[in-house]
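Read off the chains here:
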Amino acid sequence: MALGAVAEPPVRRRGSDYAQLSRRISQAGLLERRPGWYVTRIVLTLGAFVAGWVAVFLLGDSWWQLPLAALMAVATTQVAFLGHDAGHRQMFRRRGPSELVGLFAGNVAVGISYGWWVDKHNRHHANPNHEDEDPDVGAGALVWTPEQALETRGIGRWMAKRQAYLFFPMLLLEGLNLHVASIRAIIGREPNGGYTVPMRHRAVEATLLVVHTAAYVALLLAVMSPVKALLFAVVHQALWGLYMGCAFAPNHKGMPMPTAEDELDFLRKQVLTSRNVRGSRLVDTALGGLNYQIEHHLFPNMPRANLRRAQPIVRAYCVEQGIPYAETGLVESYRQALGHLHEVGRPLRG
């Protein structure tokens with residue numbers, strides 16, 4: 001989708017647009033930390049997560065472990081949302097406590113590298129939906145532009161033609177992909193010997209991932225047969241990947257993709273490339289607050305609990321400035337994302 005049709009005011013005035021919005025948000029107290037809310041959220045989320053693993057241990061060698069694996073996929077994703085908030089320092093202003101929560105949620109509980117995710121996610125926030133700068137829209141198993149589609153070969157081209165239909169099935173492998181990417185980030189090196197991904201606590205992260213994997217395998221094999229353990233892991237990891245993908249897919253897929261020729265200020269760069277998802281507080285919880293994607297991108301360190309209150313302020317300001325503000329229902333957000341994937345593959349089908 002091209003950005004050329006968006007009417008832009010003079011650059012000199014645009015430079016202050018975000019500052020004006022930021023003052024309104026700050027005056028409303030929405031950038032203040034919410035320690036009480038986060039303490040409650042952490043206790044409830046980690047409590048459910050630990051209770052789930054206790055239930056796995058107590059249930060033993062039973063086929064009822066498979067429905068429990070599905071519930072653990074939900075609990076695991078909710079813990080991952082805590083790691084996301086810690087990475088943005090929504091919980092604490094200081095780096096130390098944020099990293100402590102992030103390492104526990106990411107490396108210990110979920111089994112992905114916190115340092116790798118922070119590096120990747122920060123690059124996404126800096127240039128959302130930018131083909132050359134955002135790692136989330138680089139060519140891979142999925143392609144996001146017709147140009148990327150035309151560069152595919154072999155099985156990649158076959159998949160690109162049908163990627164809208166394959167999208168949700170492919171998300172079942174996203175959990176495995178995140179684990180593999182974490183390992184590659186920790187051990188991967190450039191030709192000059194340097195590491196491919198900057199990481200503050202590489203040895204600690206590697207150790208914690210080993211501890212996570214060993215504990216995960218040991219617990220499953222200790223309480224159930226190898227076959228049931230394998231099936232539990234497959235269901236758990238597949239549904240966790242599906243849930244994660246479903247939480248992140250509505251945010252930017254099918255929204256405008258800026259190029260080097262598009263000169264956008266920070267406010268427009270974040271708003272025009274993001275999509276909000278309407279819904280109740282149940283949707284807020286299910287999507288970890290990411291349904292307020294516009295507000296989150298404008299104020300990434302805003303506590304999750306404040307995003308709902310910030311939305312009317314941001315939306316009204318966008319109306320004042322004549323900036324399109326994308327908001328839709330959950331099902332429609334998936335339809336738009338899948339429609340974009342299908343359109344990208346059109347040159348191959350033609």
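Predicted, not measured: the structure shown is a model, and the values here were computed from it.

Chemist: Sorry, what's going on with the packing of aromatic side chains here?
Modeler: On inspection of all chains with the given rule, the structure shows nine aromatic pairs. Centre to centre, the rings of Tyr18 and Phe266 are 4.9 Å apart; their planes meet at 75 degrees, and the pair counts as edge-to-face. Residue Tyr18 is found in helix H2 (residues 17-27), and its partner Phe266 is found in helix H13 (residues 266-272); the two are separated by 248 residues along the sequence. A relative accessible area of 23% means that Tyr18 is categorised as partly exposed. The partly exposed category is assigned to Phe266, whose relative accessible area is 36%. On the basis of an interplanar angle of 80 degrees and a centroid distance of 5.7 Å, the ring pair of Phe168 and Tyr334 is categorised as edge-to-face. Placement of Phe168 in helix H9 (residues 163-171) and of Tyr334 in helix H17 (residues 330-344) is noted, with a sequence separation of 166 residues between them. Judged by relative accessible area, Tyr334 falls into the buried class, the value being 16%. An aromatic cluster is built from Phe49, Trp53, Tyr216 and Phe232, whose rings are joined through pairwise contacts.

Chemist: Hey, could you run me through the side chain of Gln293 in this one?
Modeler: Structurally, the position occupied by Gln293 is in helix H15 (residues 293-298). Under the relative-accessibility criterion, Gln293 is labelled buried at 3%. Polar contacts involving the side chain of Gln293 include one to the main-chain carbonyl oxygen of Leu290, which spans 3.0 Å.

Chemist: For this particular structure, what's the right way to read the layout of surface pockets?
Modeler: It is the rolling of a water-molecule-sized probe over the atoms that shows where space remains empty. Its boundaries defined by the atoms lining it, the largest pocket holds a volume of some 1300 Å³. Along the walls of the largest pocket sit 36 residues, with Lys120, Asp136, Glu174, Asn177 and Leu178 positioned nearest its centre. With eight residues, the single largest contributor to the lining of the largest pocket is helix H10 (residues 174-187). Residues belonging to the lining of the largest pocket are distributed by class as follows: 20 nonpolar, ten polar and six charged.

Chemist: Teacher, can you tell me more about helix H4 (residues 65-87) here?
Modeler: One turn of the α-helix equals 3.6 residues, which is why residues spaced by three or four share an orientation. Counted at 1.5 Å a residue, the expected span for H4 with its 23 residues is 33 Å, and the 32 Å between its end C-alpha atoms agrees. The buried fraction of H4 is high, at 18 of 23 residues.

Chemist: What am I meant to see in empty space enclosed by the protein here?
Modeler: One pass over the full model with this rule turns up three cavities of 30 Å³ or more. Roughly 140 Å³ of internal volume is contained in the largest cavity. Lining the largest cavity are 14 residues, and of these Ala80, Gly83, His84, Ile112 and Trp117 lie nearest its centre. Those elements giving two or more residues to the lining of the largest cavity turn out to be H4, helix H5 (95-110), helix H6 (114-126) and helix H12 (226-252).

Chemist: Looking at this structure, how should I read the nonpolar core?
Modeler: Across soluble globular proteins, you tend to see nonpolar side chains buried next to one another. Trp53, Val56, Trp116, Leu220 and Phe232 are the most contacted members of the largest nonpolar core, which totals 35 residues. Of all the elements in the fold, those that place two or more residues in this core are helix H3 (35-59), H4, H5, H6, H10, helix H11 (202-223) and H12. In terms of residues, this core owes the most to one element, H4, which gives seven residues. Setting aside residues up to four positions removed in sequence, Leu220 forms contacts with Trp53, Val56, Ala229, Phe232 and Ala233. If you look at the next biggest cluster of nonpolar residues, it comprises 19 residues, including Leu21, Val271, Leu298 and Phe299.

Chemist: Can you walk me through the packing of H12 against H17 in this structure?
Modeler: Between two packed helices, what matters for the description is the angle formed by their axes and the separation of those axes. The N-to-C vectors of H12 and H17 enclose an angle of 75 degrees; their axes lie 9 Å apart at closest approach. One way to sum up the angle between H12 and H17 is to call them roughly perpendicular. Residues Cys246, Ala249 and Pro250 of H12 pack against Leu330, Ser333, Tyr334 and Ala337 of H17.

Chemist: Looking at this structure, I do not really get the packing of H9 against H12. What am I missing?
Modeler: Between H9 and H12, the shortest axis-to-axis distance is 7 Å and the interhelical angle comes to 130 degrees. As summarised for this structure, H9 and H12 are arranged oblique, according to the angle between their axes. Facing H9, whose interface residues are Phe167, Phe168 and Leu171, H12 presents Ala238, Gly241, Leu242, Gly245, Cys246 and Ala249. Partitioned by chemical class, the residues of the contact of H9 with H12 number seven nonpolar, two polar and no charged.

Chemist: Help me understand the confidence of the model for the protein in this model?
Modeler: Predicted coordinates in areas of low pLDDT are best not read in detail. With 96% of its residues at a pLDDT of at least 70, the protein reaches an overall mean of 92. Overall, residues 1-14 carries pLDDT values under 50, and its contacts beyond four positions in sequence, including any with other chains, amount to 21 contacts.

Chemist: Explain the pattern of salt bridges here, please?
Modeler: Pairs may arise between side chains of opposite charge once their charged atoms sit close together. The final tally for this structure, using the stated rule, is twelve salt bridges. Linking Lys228 and Asp61 is a salt bridge whose minimum nitrogen-to-oxygen distance equals 3.4 Å. With Lys228 in helix H12 and Asp61 in the loop between H3 and H4, this residue pair connects regions lying 167 residues apart in the sequence. A relative accessible area of 48% means that Asp61 is categorised as partly exposed.

Thresholds applied
- Residues numbered from 1 in each chain as written.
- Predicted model: local features only at pLDDT ≥ 70, side-chain atom pairs only at ≥ 80, totals over all residues.
- Heavy atoms only, no water.
- Phe/Tyr/Trp six-rings, centres within 6.5 Å; stacked < 30°, edge-to-face > 60°.
- Helix = DSSP H or I, 4+ residues; strand = E, 2+ residues; numbered from the N terminus.
- Buried < 20%, exposed > 50% of the residue type's maximum accessible area, 1.4 Å probe, protein only.
- Polar contact = N/O pair within 3.5 Å; in protein donor to acceptor, adjacent residues only side chain to side chain.
- 1 Å grid on protein atoms, 1.4 Å probe; cavity = no way out; pocket = protein on both sides within 12 Å on 5 of 7 lines; lining within 4 Å.
- Points joined across faces, edges and corners; volume = space filled by probe spheres on them.
- Nonpolar A, V, L, I, M, F, W, Y, C, P; charged D, E, K, R; others polar.
- Expected span 1.5 Å × (residues − 1).
- Core = buried A, V, L, I, M, F, W, Y, C linked by side-chain atoms within 4.5 Å.
- Contact = heavy atoms within 4.5 Å.
- Axes fitted to C-alpha atoms, helices over the stretch in contact; angles between N-to-C directions.
- Parallel < 35°, antiparallel > 145°, perpendicular 65-115°, else oblique.
- pLDDT = per-residue confidence, 0-100.
- Salt bridge = Lys/Arg side-chain N within 4 Å of Asp/Glu carboxyl O.

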